Number of protein chains: 2
Amino acid sequence: MDVLTIRDVARRCGLSEPTLRYYEDIGLIGPIGRDASGHRQYDTADLDLIGALSCLRATGVSIGDMRTYKANLANREETAAEQRDLLLRHAERIEAEIVAQHARIGYLRAKAAVWDARDHADGVAEAEAWQAVKEAAQHLGFH
Amino acid sequence: MDVLTIRDVARRCGLSEPTLRYYEDIGLIGPIGRDASGHRQYDTADLDLIGALSCLRATGVSIGDMRTYKANLANREETAAEQRDLLLRHAERIEAEIVAQHARIGYLRAKAAVWDARDHADGVAEAEAWQAVKEAAQHLGFH
DNA sequence: TTCTTGTGTTCAAGCGCTTGAGGTGTGTGA
DNA sequence: TCACACACCTCAAGCGCTTGAACACAAGAA
């Protein structure tokens, strides 16, 4: 059970150091042990929870839901199905988000084509590009 | 040139009403005209800018960059190439983000499988699922 | 005519961090 | 041994919204 600094944990879990301190402040993780000079000492057991929370966070899960997830860890047996569903729900959320991201890429590229046409002072290309922007915008739900 | 309420604009551009007010407060859009009772009246000319900003925002573009984009609209000819590049850069950002999202989905599903195995008290399945979680975590950069 | 419903308004506070200022303790090089 | 870098600390303020409270106005029902 080796000891990790806040920097190590930040790198390995994809959270910033301030975020790790913040999560500890609000009781989402920890309390984390300290060495003689007050520096945090994470152990590998902390990594698993922090990694899971980091991933939940990256998918837009609220602090409240993360608390639920953490609280459920205490009584595994009863809440296993709930945990599974929470995770699957968020996986679906991300899938929806990916679809939206594709639509955004389409819009950005279409709009970039308009500016490219303008850069080359090509009125015909610009008109075509505008058409593509309109379609992309509809895909996004704009109008 | 028909007139739109804040609600119409919010729906058509995918921004919330408070966000639209906020963007006006900080000078990112507008100023927007008002009717006799102080309600905002957007016109269709506003929609194009707001739609573009909304999409930039959705891709994580900072308010500062949005200001640049808007400022560049004033002198189109000189900045056309810059506008195009700004948009393309952000399209690439989203592509990278999508890759990350796929990795997150993998992690969430793997973790869900662990809880599912626990729910069914299936030790063998749980051990296998853990293996998948480890792989998914590596994909995410979690050591 | 009053009363409710709906849509808007402003202003203040909260959220989930991020950034910055200012300080502490440890380790290495001169 | 002293200087300096460096990794960490706390605390406060800022960011980009969101939420909520309290109020204004217009239209239709009782």
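Presented here is an overview of the structure given in this document.

The rules behind these values
- Position numbers for residues count from 1 along each chain, tracking the sequence in the order it is written.
- Chain A is the first chain written and ligand 1 is the first ligand written, with later ones labelled in order.
- Only residues with pLDDT of 70 or above have their local features reported here, since the model is predicted, and side-chain atom pairs are shown and tallied only from 80 upward, although totals for entire chains, interfaces and linings are computed over all residues.
- With hydrogens and water set aside, each side-chain value is computed from the structure's full complement of heavy atoms.
- A carboxyl oxygen of Asp or Glu within 4 Å of a side-chain nitrogen of Lys or Arg is what we treat as a salt bridge.
- Only DSSP runs of H or I reaching four residues or more are called helices, and only runs of E reaching two or more are called strands; each is numbered from the N terminus.
- Buried residues are those whose accessible area, probed at 1.4 Å on protein chains only, stays under 20% of the maximum for their type, while exposed residues exceed 50% and partly exposed ones sit between those limits.
- Definition of nearness: a residue and a molecule or strand are near each other if at least one heavy atom of the residue lies within 4 Å of the molecule or strand.
- Distance and chemistry together define a polar contact, namely a pair of N or O atoms within 3.5 Å, with one atom able to donate a hydrogen and the other to accept it when in protein, and with adjacent residues in sequence counting only for side-chain atoms on both sides.
- Here, nonpolar core refers to any group of buried Ala, Val, Leu, Ile, Met, Phe, Trp, Tyr and Cys residues whose side-chain atoms link them within 4.5 Å.
- Two residues qualify as a contact provided that any one of their heavy atoms is within 4.5 Å of a heavy atom in the partner residue.
- For this classification, the nonpolar set comprises Ala, Val, Leu, Ile, Met, Phe, Trp, Tyr, Cys and Pro, the charged set comprises Asp, Glu, Lys and Arg, and every other residue, Gly included, is treated as polar.
- What counts as buried area is the accessible surface, traced by a 1.4 Å probe, that two parts surrender upon association, with contributions from both included.
- Only residues with pLDDT of at least 70 in both copies contribute their C-alpha atoms to the least-squares superposition of the copies.
- Pairing between strands is defined by DSSP: at least two bridges between the two strands are required.
- Between N-to-C directions, angles span 0 to 180 degrees; the directions come from axes that are lines fitted to C-alpha atoms, helices contributing only their stretch in contact.

What follows covers the pattern of salt bridges. By the definition in use, this model includes 20 salt bridges over all chains. Glu24(A) is the salt-bridge partner of Arg34(A), the closest N and O atoms lying 3.9 Å from each other. Taken together, the positions of Arg34(A) in strand β2 (residues 33-34) and Glu24(A) in helix α2 (residues 17-25) put the pair ten residues apart, joining distant regions of the chain. What makes Arg34(A) partly exposed here is its relative accessible area of 43%. Measuring nitrogen to oxygen at the nearest pair gives 3.1 Å for the salt bridge that ties Arg118(B) to Glu126(B). The same class applies to Arg118(B) and to Glu126(B), which are both buried. Through salt bridges that share partners, Arg84(A), Asp85(A), Asp116(B) and Asp119(B) make up one connected network.

DNA strand D sits among 17 residues. The nearest are Arg21(A), Arg40(A), Ser16(B), Thr19(B) and Tyr23(B). Sugar and phosphate atoms constitute 88% of the interface atoms of DNA strand D, taking the interface as everything within 4 Å of the protein. Arg7(A) places a polar side-chain atom, nitrogen or oxygen, 3.4 Å from a phosphate oxygen of DNA strand D. Taking Arg57(B), its side chain carries an N or O atom lying 2.8 Å from a phosphate oxygen of DNA strand D.

Now for the nonpolar core. Core analysis: the largest hydrophobic core is formed by 80 residues, its most contacted members being Leu20(A), Leu56(A), Leu20(B) and Leu56(B). Those residues within four positions of Leu20(A) in sequence are excluded, and the remaining contacts are Ile6(A), Val9(A), Ala10(A), Leu15(A), Ile29(A), Tyr42(A) and Ile50(A).

Among the 16 residues in the neighbourhood of DNA strand C, the closest are listed as Ser16(A), Thr19(A), Tyr23(A), Arg21(B) and Arg40(B). At the protein interface, 86% of the atoms of DNA strand C within 4 Å belong to sugar or phosphate. In this structure, a phosphate oxygen belonging to DNA strand C sits 2.4 Å away from a side-chain N or O atom of Thr19(A). At a separation of 3.1 Å, a phosphate oxygen of DNA strand C approaches a polar side-chain atom of Thr5(B). Among the secondary structure elements, those contributing two or more residues to the surface near DNA strand C are α2 of chain A together with α1 (6-13) of chain B. Broken down by element, the residue count for the surface near DNA strand C peaks at four residues, all from α2(A). Among the residues making up the surface near DNA strand C, the classes are represented as five nonpolar, six polar and five charged.

This part covers the interface of chain A and chain B. Each partner contributes residues to the interface: chain A has 47 residues there, and chain B has 46 residues. Approximately 4,100 Å² of surface area, both sides summed, lies buried where chain A meets chain B, with 66% of it carried by carbon and sulfur atoms. Counting every contact that joins chain A to chain B gives eight salt bridges. Residues Arg109(A) and Glu95(B) are paired through a salt bridge, measuring 2.8 Å at the closest nitrogen-oxygen approach.

Related by rotation about an axis and a shift along that axis, the two copies of the chain form a pair. For these two chains of identical sequence, chain A goes onto chain B by a turn of 180° and a shift of 0.0 Å along the axis, with RMSD 0.1 Å. Given the turn and translation reported, the copies of this chain are related as if by a two-fold rotation axis. The C-alpha atom lying nearest the rotation axis in chain A is that of Ile98(A); the distance is 3.1 Å. Both copies contact each other with a shared surface, as 98% of the interface residues of chain A are interface residues in chain B too.

All names here are of chain B. Taking strand neighbours across the sheet as the criterion, the three strands line up as β1-β3-β2 in an open arrangement whose pairing is antiparallel. The sheet is open, and its two borders are formed by β1 (3-4) and β2 (33-34), each paired with just one other strand. Sheet topology note: the β1/strand β3 (residues 40-43) ladder contains two bridges and is antiparallel. For leucine 4, the partnering residue across the bridge sits in β3 and is tyrosine 42. Its contacts with the sheet place helix α3 (residues 44-58) against β1 and β3, and it is angled at close to 80° to β3.

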